[in-house]
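Results of the structural survey
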Amino acid sequence: MKKIFQMKEPSQKEAGAQDGKALHIRKNDWLLIAVLLVAAAGIYVAIQYYQKVSTKNAVAVVTVDGVEYGRYPLSEDHTETIRFEDGSYNRFAIQDGYVSMPEASCPDQICVHHSRISRNKETIVCLPDKVVITIENGEDSGIDVLQH
Ligand SMILES: [Zn+2]
């Protein structure tokens, strides 16, 4: 038993030393991977946070004939009717973070049929009434580029 033990011990030490060296390199590799993972996780969290914040701060900017009519946060449901002196009107609605124009007196009804908007720089335009609703500080999307 003693002989086996003695034989084992140096081999263990040798192996240990080798392992130690190898482990040292691996440790650095793992450290690098860990740092990269933490950095990636940090970036991911930052993006998530930024998107949440940007969605939270998104506003619908309503302009009439180039003049700002009002700013409405997408986080709050809101319905308002813009009325003009000649009797025409545009009713816009903010619901669930989306803006739409459910009703308008314009003859073309393009604004009414426009899909609801929520992303940065998306717009609903009513040409006859010169009403423009633009999303600001919203979430950017590459899909918008394809849509327009
Ligand atoms: Zn219209």
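Residues numbered from 1 in each chain as written. Predicted model: local features only at pLDDT ≥ 70, side-chain atom pairs only at ≥ 80, totals over all residues.

Our next topic: the overall build of the protein chain. Helices and strands together make up the secondary structure of the protein chain, namely three helices and seven strands. Listing every helix and strand of the protein chain by position from the N terminus yields α-β-β-β-β-β-α-β-β-α. Within the protein chain, the fraction of its 148 residues that count as buried is 16%. Relative to all contacts within the protein chain whose residues are 6 or more apart in sequence, the contacts with residues 24 or more apart total 29%. (Helix = DSSP H or I, 4+ residues; strand = E, 2+ residues; numbered from the N terminus. Buried ≥ 20, exposed ≤ 12 C-beta atoms within 10 Å, placed from the backbone. Contact = placed C-beta atoms within 7 Å.)

Our next topic: the sheet that holds strand β4 (residues 89-95). Spatial strand order, β3-β4-β5: three strands in an open sheet with antiparallel pairing. The open sheet has two free edges, formed respectively by β3 (78-83) and β5 (98-104), since each of these has just one partner strand. Neighbour to neighbour, the strand axes of the sheet diverge by 20° on average, direction disregarded. Note: β4 against β5, five bridges, orientation antiparallel. Residue Gln-95 lies in a different strand from β5, and its bridge partner there is Tyr-98. (Pairing = 2+ DSSP bridges. Axes fitted to C-alpha atoms, helices over the stretch in contact; angles between N-to-C directions.)

Reading across the sheet, the four strands line up as β2-β1-β7-β6 and stay open at both edges, with antiparallel pairing between neighbours. Every interior strand has two partners, whereas the edge strands, β2 (67-73) and β6 (123-126), have only one. Averaged over all pairs of adjacent strands, the angle between strand axes in this sheet comes to 15°, irrespective of strand direction. Judged from the four bridges that link them, β6 and strand β7 (residues 131-136) form a sheet pairing that is antiparallel.

Bringing the UniProt feature "transmembrane region" (unreviewed entry) in the protein chain into the picture now. Taken from the UniProt record, the annotation "transmembrane region" (unreviewed entry) applies to residues 30-50. The span residues 30-50 is 100% helix and 0% strand, and its two end C-alpha atoms sit 29 Å from each other. (UniProt positions renumbered as here; feature names shortened; annotations may be inferred.)

Attention shifts here to the environment of Gln-109. One can find Gln-109 in the loop between β5 and α2 (110-113). What makes Gln-109 partly exposed here is the crowd of 14 C-beta atoms within 10 Å. C-alpha separation for the pair Gln-109 and Leu-127, spaced 18 residues apart in sequence, amounts to 9.6 Å.

What follows deals with the pairing of β7. Going residue by residue along β7, you find Val-131, Ile-133 and Ile-135 tucked away on one face and Val-132, Thr-134 and Glu-136 left uncovered on the opposite face. Alignment of strand β1 (residues 59-64) against β7, held across six bridges, turns out to be antiparallel. Bridged to Thr-63 within β7 is Val-132. Here β6 hands over to β7 after four residues, with Lys-130 in that stretch at a positive phi of 60°.

Looking now at the confidence of the model for the protein chain. Averaged over all residues, the pLDDT of the protein chain equals 83, while 74% of them reach at least 70. Long-range and interchain partners of residues 143-148, a stretch whose pLDDT sits below 50, account for three contacts in this model, where long-range means more than four residues apart. (pLDDT = per-residue confidence, 0-100.)

Assignment of secondary structure puts Met-101 in strand β5. Here the alpha-carbon distance between Met-101 and Arg-116, two residues 15 residues apart in the chain, equals 7.7 Å.

A word on the environment of Arg-71. Relative to the helices and strands, Arg-71 is located in strand β2. Its 10 C-beta neighbours within 10 Å are what place Arg-71 among the exposed residues. Along the primary structure Arg-71 and Val-61 are separated by 10 residues, whereas in three dimensions their C-alpha atoms are 4.6 Å apart. Those residues in contact with Arg-71 that sit more than four places away from it in its chain are Val-59 and Val-61.

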